[in-house]
Amino acid sequence: MQELIRRYGISLSVIMAAMTAFWLLALVVIPNLVLFKFSFRLYLPVDQLGGPNDVYTLKNYFTFFNSPIHINVFFLTILYSSMVTIICLIITYPLAYILAKVLKPTDTATFFLVLLIPLWVSEILRSFAWFIILSMQGPLNAILTGIGLIDKPIRWISGFQSVVIGLVYAYILFMLFPIYNAIQALDTNQIEASQDLGASTWRTHWRVIIPHAKPGIASGCVMVFMLCAGSVVVPTTLASTNSRWFTEIIQQWMFEGLDWNVGSAYAFLLLALCILFVSLVMRVLNVRLVDIAK
Amino acid sequence: MSEDVHLSQICMDFGSFRAVNNVEVTIKPGEFFSFLGPSGCGKTTILRLISGFMEPTQGAVKIGGKDMKGIRPNARPTALIFQNLALFPLMPVWENITFGLEVRGVSKEIRRAKAEELLQLVDLHDSADKRISQLSGGQKQRVAIARALAVEPKVMLLDEPLSALDLKLRQHMRAELRAIQKRTGVTFIYITHDQGEALAMSDRVGVMSQGVLQQVATPQEIYNNPVNGFVASFVGENNVIAGKVTFVSGGMAQFETAKGSFQAKLGASVATGDSAKLFVRPEFCSLRSANEAKVNSIPVEVTEIAFEGNFVNVFVRDQAGDTHMVQVQNDPSVPPPAPHTTCQMVFNPESCMILSEAATSRHGH
Ligand SMILES: Nc1ncnc2c1ncn2[C@@H]1O[C@H](COP(=O)(O)OP(=O)(O)O)[C@@H](O)[C@H]1O
Ligand SMILES: [Mg+2]
């Protein structure tokens, strides 16, 4: 703060601090607190508001635990979010390594620009683009049949297939950057020392590079997982008849059922259960939160 | 246990820049060999060529008579100690040391025992389970040496490994490294820009400038008989006088300069009629009273005395205004002349050399 004042002067610093505080309070904290309160109230007709039925209750939360279908959707959401996370990791790690340690820095800059340009287009448009690419008469099937890899078009948009593809595409950069940063920070001499001592490429990655990149990998995974589990646009745009995402149920409660109370209870459940899941996985893989924050 | 290393007409180009030019040298088995040269002269490049992180543009690296072309660093019988050591911070000391054995599939018990043994060898006890960050600079140094020794290399490559240490520790580690080398009998190829280090530790020294190997010889030979002005001035201090060779007889020459006429040993590649420079070490100069005429004397005035402990540096100025240095033993019974004394700086014809002033440069292609 003192540094800020020294650099920008008192008035500008106060404005900046106030704007940050406004952003946090008015747009994040307060709406969430309101929703949190909603989640413990019942959805009542107007005339009963303030009446004897208007009490704090856990009933909204029990709605979830009493609904096997919703529990099933929740687990599928967790399952496919995990799958997207793992696919992103598998694609990203080699890419991050090549960008950080193999390519010349000048080439890396160009590469990043190319990777970032799609981000200028909104998520909805990018998801919709995938809808077109993956459709039965779409370019992907045309190319694959054209080069003779398949003889009749594949129904891509079925099950969770298209949702997974769309989510991988939407969030892969959130995996790339932390891993790239972590590997970039590794002293190249360490990699060479490992090779010099006789280690194969594989062993060098396993014993030297991956342990070093672990915090980056962990933060990438947490980020991608949470974004996937909370994603609305991609699962709705690329949905097939039998792919339901947990966020879609929340949306249904809120905008079709108009029951904001159960809706917000579901939203907080999703958040809490995801945090629980992530901390469990982190415990199992022996990653600490402080490592990620670094 | 150890192998010879033959660098055969090696050149290394980075684009149009030739970092190593036509280096030809054979390092004997079990030898402590140093490459000495200023920063940027291509020393690290040579080491990376030997360890296999680079392939030479021309020429060949042969270890134990075998051409190393196409053999990756992990398959060469060399171990490199990096300038910044490159220890693995996430592994405890003992895993660092035995990493090379781990990748060869040696069992944990044997590795653990080997780690203890190597820690004894480098004089570092009770540190097997410490983290790298808990060690001091000198201890890290020892771990790096132990880690390299663990793979039983035929050739050990060291890239300025002592440069990060403070002076005291550096001098201690010099002796230590030398002792470890003698004990293990491994060929050591050592890189440094510190002439004191190279002279004190090596069996032979190769002095480099701008990618070219200027001279390969024992430390004494390098110091006493440098082949050119670059080697003379890079290794040790000199008083330098420019002039022209007028007469040569039996390895000695007559040298005419603006400061008078001198007799000196004739260096390599200098002949009668050549313009050259006369190099004389400060410790081979002495001061006499002004009227004592002698060969190789320059009338000077004392300007400054620098007391260094076991010796004294006396700075003098000649009539042309050039400063020279005379080094005398510290002897309280014979104090050095006071400033502003006029006297003669004299030196023996046998202890000064006439050398071509420039080094052989890389611009050969
Ligand atoms: N990978 C490289 N690409 C381009 N130039 C390099 C590379 N490595 C070294 N050089 C150049 O080669 C010269 C010698 O470098 P180096 O061997 O590191 O010198 P030293 O170790 O003697 O200080 C330097 O001028 C350096 O800039
Ligand atoms: Mg170097």
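All values reported here derive from a predicted model rather than from experimental measurement. (Residues numbered from 1 in each chain as written. Chains lettered and ligands numbered in written order. Predicted model: local features only at pLDDT ≥ 70, side-chain atom pairs only at ≥ 80, totals over all residues. Heavy atoms only, no water.)

Some remarks on the site of ligand 1
Residues and elements named next belong to chain B.
At step 1: In the vicinity of ligand 1, the residues found are Phe14, Phe17, Ala19, Pro38, Ser39, Gly40, Cys41, Gly42, Lys43, Thr44 and Thr45.
At step 2: In this structure, an oxygen atom belonging to ligand 1 sits 2.6 Å away from a main-chain N or O atom of Gly40.
At step 3: Measuring from an oxygen atom of ligand 1, one finds a side-chain N or O atom of Thr45 at 2.5 Å.
At step 4: At the level of elements, β2 (17–27) and α1 (43–51) are the ones that each hand at least two residues to the shell around ligand 1.
At step 5: Looking at which element gives the most residues to the shell around ligand 1, the answer is α1, with three residues.
At step 6: Taken together, the residues of the shell around ligand 1 break down into five nonpolar, five polar and one charged. (Near = heavy atom within 4 Å. Polar contact = N/O pair within 3.5 Å; in protein donor to acceptor, adjacent residues only side chain to side chain. Helix = DSSP H or I, 4+ residues; strand = E, 2+ residues; numbered from the N terminus. Nonpolar A, V, L, I, M, F, W, Y, C, P; charged D, E, K, R; others polar.)

What to know about the packing of aromatic side chains
At step 1: In this structure the tally under the stated criterion is 27 aromatic pairs over all chains.
At step 2: With a centroid separation of 5.6 Å and an interplanar angle of 10°, the aromatic rings of B:Phe230 and B:Phe234 are classed as stacked. Here B:Phe234 and B:Phe230 lie together in helix α9 (residues 229–234), a separation of four residues that amounts to about one turn. B:Phe234 shares its class with B:Phe230; the two are buried.
At step 3: Aromatic ring contacts, followed pair by pair, group A:Phe64, A:Phe65, A:Phe74, A:Phe75, A:Phe246, A:Trp253 and A:Tyr266 into a single cluster.
At step 4: In this structure, B:Arg147 packs its charged tip against the face of B:Phe88, placed 4.7 Å from the ring centre. (Phe/Tyr/Trp six-rings, centres within 6.5 Å; stacked < 30°, edge-to-face > 60°. Buried < 20%, exposed > 50% of the residue type's maximum accessible area, 1.4 Å probe, protein only. Lys NZ or Arg CZ within 6 Å of the ring centre and 35° of its normal.)

Section: the state of the cysteines
At step 1: On inspection of all chains with the given rule, the structure shows zero disulfides over all chains.
At step 2: No disulfide involves A:Cys274; its sulfur sits 10 Å from the nearest other cysteine sulfur, which is in A:Cys228.
At step 3: Distance from the sulfur of B:Cys41, which forms no disulfide, to the nearest cysteine sulfur (B:Cys11) is 15 Å. (Disulfide = S-S within 2.5 Å.)

A look at the sheet that holds strand β9 (residues 204–209) of chain B
All names here are of chain B.
At step 1: Across the sheet, which stays open at both edges, the six strands sit in the order β6-β7-β8-β3-β9-β10 with mixed pairing between neighbours. Each end of this open sheet is capped by a strand with a single partner; those strands are β6 (78–81) and β10 (212–217). Ignoring which end each strand starts from, the neighbouring axes of this sheet average 15° apart.
At step 2: As defined by bridge partners, strand β3 (residues 32–36) adjoins β9 across four bridges and the pair is classed as parallel. Its bridge partner being in β9, Ser34 is matched across the sheet by Val205.
At step 3: Contacting β6 and β7 (155–159), helix α5 (residues 137–150) runs over the sheet at an angle of about 170° to β6. (Pairing = 2+ DSSP bridges. Axes fitted to C-alpha atoms, helices over the stretch in contact; angles between N-to-C directions. Contact = heavy atoms within 4.5 Å.)

Regarding the pattern of salt bridges
At step 1: Applying the stated rule across the entire model yields 19 salt bridges over all chains.
At step 2: When the shortest N-O distance is used, the salt bridge between B:Lys259 and B:Asp318 registers 3.0 Å. One end of the pair, B:Lys259, is in the loop between β12 (252–257) and β13 (260–266); the other, B:Asp318, is in strand β17 (residues 311–318), and 59 residues separate them in sequence.
At step 3: The exposure class of B:Asp318 is buried, given its relative accessible area of 6%.
At step 4: Salt bridges sharing partners connect three or more residues here, namely A:Arg203, A:Arg207, B:Glu95, B:Glu102 and B:Arg111. (Salt bridge = Lys/Arg side-chain N within 4 Å of Asp/Glu carboxyl O.)

What to know about the sheet that holds β13(B)
At step 1: An order of β11-β12-β13-β20-β14 (chain B) is seen for the five strands of this closed barrel, with the pairing classed as mixed. In this sheet, adjacent strand axes meet at a mean angle of 55° when their direction is disregarded.

Some thoughts on the nonpolar core
At step 1: In terms of nonpolar packing, the biggest core is built from 73 residues, with B:Leu7, B:Phe35, B:Ile145, B:Met156 and B:Ile189 touching the most fellow members.
At step 2: No other element matches the seven residues that α5(B) contributes to this core.
At step 3: Formed by 35 residues, the second largest nonpolar core is a distinct cluster that contains A:Cys88, A:Leu176, A:Cys228 and A:Leu238. (Core = buried A, V, L, I, M, F, W, Y, C linked by side-chain atoms within 4.5 Å.)

Some details on the confidence of the model for chain B
Residues and elements named next belong to chain B.
At step 1: Per-chain confidence: chain B averages 91 in pLDDT, with 97% of residues scoring 70 or above.
At step 2: No element of chain B has a lower mean pLDDT than helix α6 (residues 167–184), which averages 88, and none a higher one than β3, which averages 97.
At step 3: Complex prediction metrics read pTM 0.82 and ipTM 0.82. (pLDDT = per-residue confidence, 0-100.)

Points about the environment of A:Leu125
All names here are of chain A.
At step 1: With respect to the secondary-structure elements, Leu125 resides in helix α6 (residues 123–134).
At step 2: Since its relative accessible area comes to 54%, Leu125 is described here as exposed.
At step 3: Separated by 68 residues in the primary sequence, Leu125 and Thr57 place their C-alpha atoms 41 Å from one another.

A few points about the pairing of β17(B)
All names here are of chain B.
At step 1: Pairing of strand β16 (residues 297–307) with β17 involves seven bridges; the strand directions are antiparallel. Directly across from Ile305, in β17, lies its bridge partner Val314.
At step 2: Counting the residues in the hairpin turn of β16 and β17 gives three residues, including Gly309, whose phi is positive at 110°.
At step 3: The sheet contact formed by β17 and strand β18 (residues 323–329) spans seven bridges and is antiparallel. Bridging across to β18, Asn313 finds its partner in Gln327.
At step 4: The loop that links β17 with its antiparallel partner β18 comprises four residues; one of these, Gly321, has a positive phi angle of about 90°.

Observations regarding helix α8 (residues 161–184) of chain A
At step 1: For α8(A), which comprises 24 residues, the first-to-last C-alpha distance of 33 Å matches the rise-based estimate of 34 Å (1.5 Å per residue) to within 8%.
At step 2: Counting buried residues in α8(A) gives 17 out of 24 residues, a clear majority hidden from the surface. (Expected span 1.5 Å × (residues − 1).)

Quick notes on the interface of chain A and chain B
At step 1: On the chain B side, the residues contacting the 17 residues of chain A number 25 residues.
At step 2: Together, A:Asp196, A:Leu197 and A:Arg207 form the three largest contributors to the area buried by chain A at its contact with chain B, with a combined 40%.
At step 3: Counting every contact that joins chain A to chain B gives four salt bridges.
At step 4: A:Arg207 is paired through a salt bridge with B:Glu102; the nearest N and O atoms lie 2.5 Å apart.
At step 5: The interface formed by chain A and chain B contains 10 residue pairs in polar contact (both at pLDDT 80 or more).
At step 6: Taken together, the elements giving at least two residues each to the side of chain A that touches chain B come down to α9 (188–196) and α10 (201–229) of chain A. (Buried area = accessible area lost by both parts, 1.4 Å probe.)

Observations concerning the packing of α10(A) against helix α13 (residues 260–284) of chain A
Residue and element names in this part refer to chain A.
At step 1: It is at 11 Å that the axes of α10 and α13 come closest, and there the two elements cross at 155°. Between α10 and α13, the crossing angle belongs to the class labelled roughly antiparallel. Remark: the crossing between α10 and α13 carries right-handed chirality. Packed against α10, whose contacting residues are Val222, Phe225, Met226 and Ala229, the element α13 presents Leu270, Leu271, Cys274, Ile275, Phe277, Val278 and Met282 at the interface.
At step 2: Its residues assigned to classes, the contact of α10 with α13 comprises 11 nonpolar, no polar and no charged. (Parallel < 35°, antiparallel > 145°, perpendicular 65-115°, else oblique. Left-handed = near helix turned anticlockwise from the far one by under 90°.)

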